[in-house]
Amino acid sequence: MNLTALSIAQIHDLLIRKQVSAEELVFAHLKRIEELDRSVRAYLVLSPERALEQARRIDGLVAANDPLPPLAGVPIAVKDVILTKGVRSTCGSKILANYVPPYDATAVTRIEAAGACILGKTNCDEFAMGSSTENSGFFPTHNPVDLTRVPGGSSGGSAAAVAAKMATVALGSDTGGSIRQPAAFCGNVGMMGTYGRVSRFGLVAFASSLDHIGPFGRTVRDVARVLQVIAGHDPHDSTSADAPVPDYEAALDQEVRGVKVGAAEEYFAGLNAEIGDNIQKGIDLLAKLGCEIVKVSLPHTEYAVPCYYIVATAEASSNLARYDGVRYGYRAAAHNELREMYEKTRDAGFGAEVKRRIMLGTYVLSSGYYDAYYLKAQKVRTLLTRDFQDAFDEVDVIVTPTSPLPAFKLGEKLDDPLAMYLADIYTVTADLAGIPGISVPCGFMKGEASNGRARLPVGMQLLAKHFDEARLLQVADAFEKAGGFGLSRDTRSS
């Protein structure tokens with residue numbers, strides 16, 4: 001039995017029947033990490049003691065025939081921008097290289113209360129700023145599908161860990177597509193809920209009005225189970241929505257016939273032709289399942305990337321001001337006075353991309369430029385949100401590509417930040433509007449990857465109105481069950 005390829009439901013069933021122990025599951029994943037992570041480099045730090053302590057607690061419940069919590073014994077990875085008490089949490093930055101948090105993020109507290117075993121912290125772009133995980137302050141992560149390519153970002157470590165079966169599921173964060181895009185590049189399912197659906201308490205801030213925590217998994221049902229656990233109001237987070245959380249797994253078994261699916265023409269301009277073919281076949285498959293396909297327009301989409309990079313960098317410049325060498329984190333040793341200590345600490349502690357975004361954000365917030373840039377970007381953000389509200393008056397979900405291109409080569413775009421930014425065109429809109437989104441596999445590119453075996457995966461994105469995550473999961477699960485994950489450019493769905 002391959003213990004690293006199991007779903008959450010399979011793990012639960014095997015534990016109840018006492019055919020496997022939670023401790024065996026953790027050891028199997030730690031062994032696979034030892035074997036594969038030298039080449040993939042998904043993890044920054046492991047927490048075997050913490051995972052095994054939790055596994056033994058679960059095995060105790062099994063031995064006593066007590067009811068098992070929903071994530072009992074499930075090996076999980078956590079992105080390194082999400083705080084874990086007593087386990088080093090660096091945000092992929094040298095400025096926090098030795099930071100050990102004194103508390104857990106709410107999402108971490110909830111997954112452990114649900115029985116999950118945290119294997120370790122995954123690599124990411126520094127402070128979640130990037131689309132390839134090449135901006136990590138330590139090392140880049142490689143895509144398990146093709147080790148010469150990026151896994152996406154900024155949650156590339158979490159996506160790679162799940163794709164390489166070095167974790168059953170994982171937590172990531174999404175500010176402009178950082179869950180959905182790496183899920184597409186690695187062939188996973190990745191989801192973010194509505195802004196406020198999952199508490200941000202303990203998520204190190206990049207852009208506070210855009211940040212989300214969400215799950216990665218290999219199946220829609222696994223993602224639904226994790227989202228069910230981490231969703232819900234949290235008094236520690238003032239932006240956490242006090243809204244009821246429906247039974248997401250119950251939604252998976254509902255009929256999709258009659259669901260109105262919108263296809264936005266603006267999301268198919270400038271798209272890689274092979275990706276476009278696969279997404280069209282995905283839409284055709286949804287139509288065969290009984291969904292009604294409706295053309296919709298989101299006319300302000302072309303302004304999304306500049307709007308996002310003004311709002312996000314402005315908030316980042318404010319949030320990252322706290323890393324000054326005084327309170328915690330790295331402090332430059334050689335300095336003569338306070339200002340010099342600030343300058344040397346931030347210069348040595350931050351990487352190039354973080355510095356670039358701090359400078360841009362400070363500029364757009366500065367006197368004389370606030371109205372011209374930041375205020376105008378917030379007005380455009382409102383227009384983008386209204387576009388979605390108008391579209392959701394006509395349809396239940398909107399389908400788009402997740403990314404305009406497949407996983408690119410390591411180093412290919414590192415020296416061209418603008419090209420990297422433009423690749424976020426299909427994902428930043430949902431973050432700006434605060435609506436939920438999910439990326440699911442939608443077949444493969446035609447050519448082989450560099451390893452001569454696997455083909456590069458394609459991701460299809462589904463979006464829904466605020467707090468309608470259940471509808472997204474319902475449609476995504478129906479698509480998975482109908483074979484949508486395995487669509488290829490060469491074969492039509494039947």
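Structure: see above.
None of the values given here were measured: they were computed from a predicted structure.

Cut-offs applied
Residues numbered from 1 in each chain as written. Predicted model: local features only at pLDDT ≥ 70, side-chain atom pairs only at ≥ 80, totals over all residues. Heavy atoms only, no water. Helix = DSSP H or I, 4+ residues; strand = E, 2+ residues; numbered from the N terminus. Rg over C-alpha atoms; globule rule 2.2 N^0.38 Å. Contact = heavy atoms within 4.5 Å. Areas by Shrake-Rupley, 256 points an atom, 1.4 Å probe, with all protein chains shown as cover. Lys, Arg positive; Asp, Glu negative; His and termini not counted. Charge placed at Lys NZ, Arg CZ, Asp CG, Glu CD. 1 Å grid on protein atoms, 1.4 Å probe; cavity = no way out; pocket = protein on both sides within 12 Å on 5 of 7 lines; lining within 4 Å. Points joined across faces, edges and corners; volume = space filled by probe spheres on them. Nonpolar A, V, L, I, M, F, W, Y, C, P; charged D, E, K, R; others polar. Buried < 20%, exposed > 50% of the residue type's maximum accessible area, 1.4 Å probe, protein only. Pairing = 2+ DSSP bridges. Core = buried A, V, L, I, M, F, W, Y, C linked by side-chain atoms within 4.5 Å. Salt bridge = Lys/Arg side-chain N within 4 Å of Asp/Glu carboxyl O. Patch = residues over 30% accessible without salt bridge, like charges linked within 9 Å, V, L, I, M, F, W, Y side chains within 5 Å. Phe/Tyr/Trp six-rings, centres within 6.5 Å; stacked < 30°, edge-to-face > 60°. Lys NZ or Arg CZ within 6 Å of the ring centre and 35° of its normal.

Caption draft 1: Focus on the overall build of the protein. Along the backbone of the protein there are 16 helices and 11 strands. The globule rule puts the C-alpha radius of gyration for 494 residues at 23 Å, and the 21 Å found for the protein is close to it. Along the first, second and third principal axes, the C-alpha atoms of the protein reach 70 × 55 × 50 Å. Taking contacts inside the protein between residues at least 6 apart in sequence as the whole, the part at least 24 apart equals 77%. Of the roughly 18300 Å² that the protein leaves accessible, carbon and sulfur atoms contribute 52%. Put simply, the protein has 51 plus and 58 minus side-chain charges, and the middle of one group is 2 Å from the middle of the other.

Caption draft 2: Geometry of the layout of surface pockets. Of the voids in this model, the largest pocket is the one considered here, and its volume is about 460 Å³. Of all elements in the fold, only α2 (22-40), α5 (156-163), β10 (437-448) and β11 (455-464) reach the threshold of two or more residues within the lining of the largest pocket. When residues in the lining of the largest pocket are grouped by element, the largest group, 4 residues, is from α2. Looking at the lining of the largest pocket residue by residue, the class counts come to 14 nonpolar, 4 polar and 6 charged.

Caption draft 3: Structural detail: empty space enclosed by the protein. By the definition in use, this model includes 4 cavities of 30 Å³ or more. Roughly 80 Å³ of internal volume is contained in the largest cavity. If you trace the largest cavity, you find 14 residues lining it, with G130, S131, S178, Y308 and D424 closest to the centre. Its residues assigned to classes, the lining of the largest cavity shows 5 nonpolar, 7 polar and 2 charged. Approximately 40 Å³ is the volume attributed to the second largest cavity. As for the second largest cavity, its lining consists of G193, T194, Y195, G196, V198, R200, D211, H212 and I213. Of the residues that constitute the lining of the second largest cavity, the class distribution is 3 nonpolar, 4 polar and 2 charged.

Caption draft 4: Quick peek at the pairing of strand β6 (residues 212-217). For β6, the buried fraction is high: 6 of the 6 residues fall into the buried class. Inspection of the sheet shows strand β4 (residues 169-174) paired to β6 by 5 bridges, in the antiparallel sense. Within the sheet, the bridge partner assigned to D174 lies in β6 and is H212. Summarising the sheet, strand β5 (residues 189-192) and β6 pair through 2 bridges and their orientation is antiparallel. By the bridge assignment, V189 is partnered in β6 with G217.

Caption draft 5: Geometry of the nonpolar core. If you look at the biggest cluster of nonpolar residues, it comprises 154 residues, and the most contacted ones within it are I111, F127 and L473. Here this core takes 10 residues from helix α10 (residues 304-319), the largest share from any one element. Sequence-distant contacts of I111, that is, excluding residues within four places in its chain, are made with L71, I76, V78, A116, I118, L171, V229 and I230.

Caption draft 6: How the structure looks around the environment of A164. Inspection of the secondary structure puts A164 in the loop between α5 and β4. Sequence-wise, A164 and N2 are 162 residues apart; in three dimensions their C-alpha atoms are separated by 13 Å. Here A164 is in contact with R32, L36 and P144, once residues within four sequence places are set aside.

Caption draft 7: Fine view of the environment of G447. You can see G447 is positioned in strand β10. Spatially, the C-alpha atoms of G447 and R357 are 36 Å apart, while their sequence positions differ by 90 residues.

Caption draft 8: Main features of α5. Extensive coverage of α5 is indicated by the burial of 7 of its 8 residues. Buried within α5 we find G156, G157, S158, A159, A160, A161 and V162.

Caption draft 9: Quick look at the pattern of salt bridges. Counted by the stated rule, this structure contains 20 salt bridges. K355 is the partner of D347 in a salt bridge, and the nearest nitrogen-oxygen pair spans 2.9 Å. Using a relative accessible area of 26% as the deciding quantity, one classes K355 as partly exposed. In this structure, K481 and D477 form a salt bridge, with 2.8 Å as the shortest nitrogen-oxygen distance. Placement of the pair is K481 and D477 together in helix α16 (residues 469-481), with a separation of 4 residues, close to one helical turn. Since its relative accessible area comes to 55%, K481 is described here as exposed. Among the residues examined, D477 registers a relative accessible area of 3% and is labelled buried.

Caption draft 10: Summary view of a nonpolar patch on the surface. On the surface, a nonpolar cluster with roughly 340 Å² of combined accessible area is contributed by L360, Y363, Y369 and Y373. Assignment of secondary structure puts Y363 in helix α12 (residues 352-365).

Caption draft 11: Geometry of the side chain of S317. Here S317 is to be found in helix α10. Setting aside residues no more than four positions away along its own chain, S317 makes contact with I358, G361, T362 and L365.

Caption draft 12: Summary view of the side chain of S155. Following the sequence through the fold, S155 ends up in the loop between β3 (117-122) and α5. On the accessibility criterion, S155 (0% relative accessible area) is buried. Sequence-distant contacts of S155, defined by excluding residues within four places in its chain, comprise K79, T133, G172, S173, S178, I179, P182 and F216.

Caption draft 13: Structural view of the packing of aromatic side chains. Considering all chains together, one arrives at 16 aromatic pairs under this definition. Three or more aromatic residues joined by ring pairs form one cluster here, namely Y99, F127, Y323, Y328 and F350. The ring of F139 carries R41 above its face, with NZ or CZ at 3.8 Å from the centroid. The aromatic ring of F408 is capped on one face by K413, whose charged end is 5.6 Å from the ring centroid.

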